[in-house]
Amino acid sequence: MRVLGIESSCDETGIAIYDTVHGLLAHHVHSQVAMHAAFGGVVPELASRDHIHRVIALTELALKDSDCSLSDIDAIAVTEGPGLGGALLVGNAVGAALGFATSKPVIGIHHLEGHLLSPLLADPAPKFPFIALLVSGGHTQLMQVEQVGQYRLLGETVDDAAGEAFDKTASLLGLGYPGGPALSRLATTGNATQFKLPRPMIHSGDLDFSFSGLKTAVVTLVKKLGELDDRAKCDIAASFEAAIVDVLVTKSVAALDQSGHKSLVVAGGVGANQRLRQSLVLALAARGATAYFPPLHLCTDNGAMIAFAGALRLTALSEASQPSVSANGAFRVRPRWPLAGI
Ligand code: KG4
Ligand code: ZN
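Let me begin by describing the structure that accompanies this report.

Thresholds applied
- Residues numbered from 1 in each chain as written.
- Chains lettered and ligands numbered in written order.
- Predicted model: local features only at pLDDT ≥ 70, side-chain atom pairs only at ≥ 80, totals over all residues.
- Heavy atoms only, no water.
- Helix = DSSP H or I, 4+ residues; strand = E, 2+ residues; numbered from the N terminus.
- Rg over C-alpha atoms; globule rule 2.2 N^0.38 Å.
- Buried < 20%, exposed > 50% of the residue type's maximum accessible area, 1.4 Å probe, protein only.
- Contact = heavy atoms within 4.5 Å.
- Areas by Shrake-Rupley, 256 points an atom, 1.4 Å probe, with all protein chains shown as cover.
- Lys, Arg positive; Asp, Glu negative; His and termini not counted.
- Charge placed at Lys NZ, Arg CZ, Asp CG, Glu CD.
- Near = heavy atom within 4 Å.
- Polar contact = N/O pair within 3.5 Å; in protein donor to acceptor, adjacent residues only side chain to side chain.
- Nonpolar A, V, L, I, M, F, W, Y, C, P; charged D, E, K, R; others polar.
- Donors = N, O, S within 2.8 Å, 3.2 Å for Na, K, Ca; no water.
- Tetrahedral: all angles 85-135°; square planar, octahedral: opposite > 155°, others 65-115°.
- Expected span 1.5 Å × (residues − 1).
- Pairing = 2+ DSSP bridges.
- Axes fitted to C-alpha atoms, helices over the stretch in contact; angles between N-to-C directions.
- Salt bridge = Lys/Arg side-chain N within 4 Å of Asp/Glu carboxyl O.

### Some details on the overall build of the protein
Point 1. Helices and strands together make up the secondary structure of the protein, namely ten helices and eleven strands.
Point 2. Over its C-alpha trace the protein gives a radius of gyration of 20 Å, about what one expects of a compact globule, namely 20 Å for 342 residues.
Point 3. Each principal axis of the C-alpha atoms in the protein carries an extent, and together these give about 60 × 45 × 30 Å.
Point 4. A buried classification covers 53% of the 342 residues belonging to the protein.
Point 5. A separation of at least 24 residues holds for 72% of the contacts in the protein among residues at least 6 apart in sequence.
Point 6. When the accessible surface of the protein is summed, it comes to about 14,200 Å², and 55% of that surface belongs to carbon and sulfur atoms.
Point 7. Taking the average location of the 25 positive side-chain charges in the protein and that of its 31 negative ones, the two points are 5 Å from each other.

Rendered as structure tokens:
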């Protein structure tokens, strides 16, 4: 089965073609980061307009790359939510139109399910069941994953997401938007023990997270220090990163201990963070458990994870339990959509 994947939930237009026999045939992402950087964050209206410009051209490119025509595609998978309403409408309108024109099924995919299943595209791939740590710009969640489509929420952030905390701290250090990757680059040359920052909720006894207090602690520290030289910036970045990674690792380990599962899958943009990766690998190895990560280029938003999740759903699930498979050109988007509810 060959699935065309369309991702347009936020500030990346991602198009990919996944073949259940031959794997990923094509994969293109256009990032709007440079366009939004001037505003310090994503401007939803600009995001929707840019998706309109990119989505058809990238689809044509993906078809050309994989030597396919539309008639070689068996199904279309498109991010139905959660995300920005206008941005989602673009991908879904194109997906529905392609499905209607070619009489192929269109399946709506939950964006986080795409992230969550993306480590299965890596080699070696994890086996079900596993615990998933979803760490993106908008979400921080621990999920118990029994099978494709069977997700139980174990804990989540009560305020900021991990990626949001990275971005806000990076902005305090004058690193621009999105700051996560830039902050973690700075952190590599910083001293992580220079500043003592809080590890919010690390001993809360549950699997929830909170990061807004950590961000406030950095604000207070920056005010206290006044003018920041390069050394201070690197040390703040390293101390912040160590605090956030400590919390993510502690809670992930607790989720594994509570569930008895031996595999942890890490997904979402913050999953690209090297300190998080190394700390998880070490902490899990000590308990005979294994951490799995998506390939680095599939950590942030992309169409490959959507095509892949669509292929898994279409092959693994009975028709009754599939989400909106549309045959008549109708579509909907779900800007707010809890993953545990699918
Ligand atoms: O999953 P994603 O691409 O988009 C959302 O669905 O939110 O995640 C983007 C987030 C941003 O907050 C970005 O700063 C963060 O992932 N991020 C990182 C790194 N690379 C991306 N955070 C920390 N370290 C990184 N290397
Ligand atoms: Zn994402």
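### Notes on the site of ligand 1
Point 1. Of all residues adjacent to ligand 1, which total 18 residues, the nearest are His115, Gly137, Asp167, Gly269 and Asn273.
Point 2. Interatomic distance of 2.6 Å between a side-chain N/O atom of aspartate 167 and an oxygen atom of ligand 1.
Point 3. Aspartate 301 is positioned with one of its backbone polar atoms (N or O) 3.2 Å from an oxygen atom of ligand 1.
Point 4. Summarising the interface, the protein chains cover 88% of the accessible area of ligand 1, which totals 550 Å² for the free molecule.
Point 5. Within the shell around ligand 1, the residues separate by chemical class into four nonpolar, twelve polar and two charged.

### Some details on the coordination of the zinc ion (ligand 2)
Point 1. Ligation of the zinc ion (ligand 2) by protein atoms is provided by His111 (NE2), His115 (NE2) and Asp301 (OD), these donors lying 2.0 to 2.1 Å from the ion.
Point 2. Given four donor atoms and angles of 92 to 147° at the metal, the environment of the zinc ion (ligand 2) is assigned as irregular.

### Section: the environment of leucine 197
Point 1. Relative to the elements of secondary structure, leucine 197 occurs in the loop between α6 (180-187) and α7 (212-225).
Point 2. Separated by 16 residues in sequence, leucine 197 and glycine 213 place their C-alpha atoms 9.6 Å apart.
Point 3. In this structure, leucine 197 is in contact with Leu214, Ala217, Val218, Leu221, Ser239, Phe240 and Ala243, ignoring residues within four places of it in sequence.

### Considering helix α8 (residues 230-259)
Point 1. Taking 1.5 Å per residue as the helical rise, α8 with its 30 residues ought to reach 44 Å, and the 43 Å between its terminal C-alpha atoms agrees with that figure.
Point 2. Counting buried residues along α8, 21 of its 30 residues qualify, which places the element largely inside the surrounding structure.
Point 3. Phi for glycine 260, located one or two positions after α8, is positive at around 80°.

### A short note on the sheet that holds strand β8 (residues 150-156)
Point 1. The strand order across the open sheet formed by five strands is β8-β7-β6-β9-β10, and the pairing between neighbours is mixed. Edge strands, defined here as strands with exactly one partner in the open sheet, are β8 and β10 (290-292). On average, each strand axis in the sheet is inclined to that of its neighbour by 25°, with strand direction left out of account.
Point 2. Bridge count between strand β9 (residues 263-267) and β10: three bridges; the pairing is parallel. By the bridge assignment for β10, leucine 264 is matched with alanine 291.

### Some thoughts on the pattern of salt bridges
It is possible for side chains bearing opposite charge to pair when their charged atoms get close.
Point 1. Enumeration according to the criterion identifies 13 salt bridges in this entry.
Point 2. Across the pair aspartate 19 and arginine 2 runs a salt bridge, and its minimum N-O distance is 2.9 Å. With aspartate 19 in strand β2 (residues 12-19) and arginine 2 in strand β1 (residues 2-7), this residue pair connects regions lying 17 residues apart in the sequence.
Point 3. You can call aspartate 19 buried: its relative accessible area is 6%.
Point 4. Linked through salt bridges whose partners overlap, the residues forming this network are Asp160, Glu164, Lys168 and Lys215.

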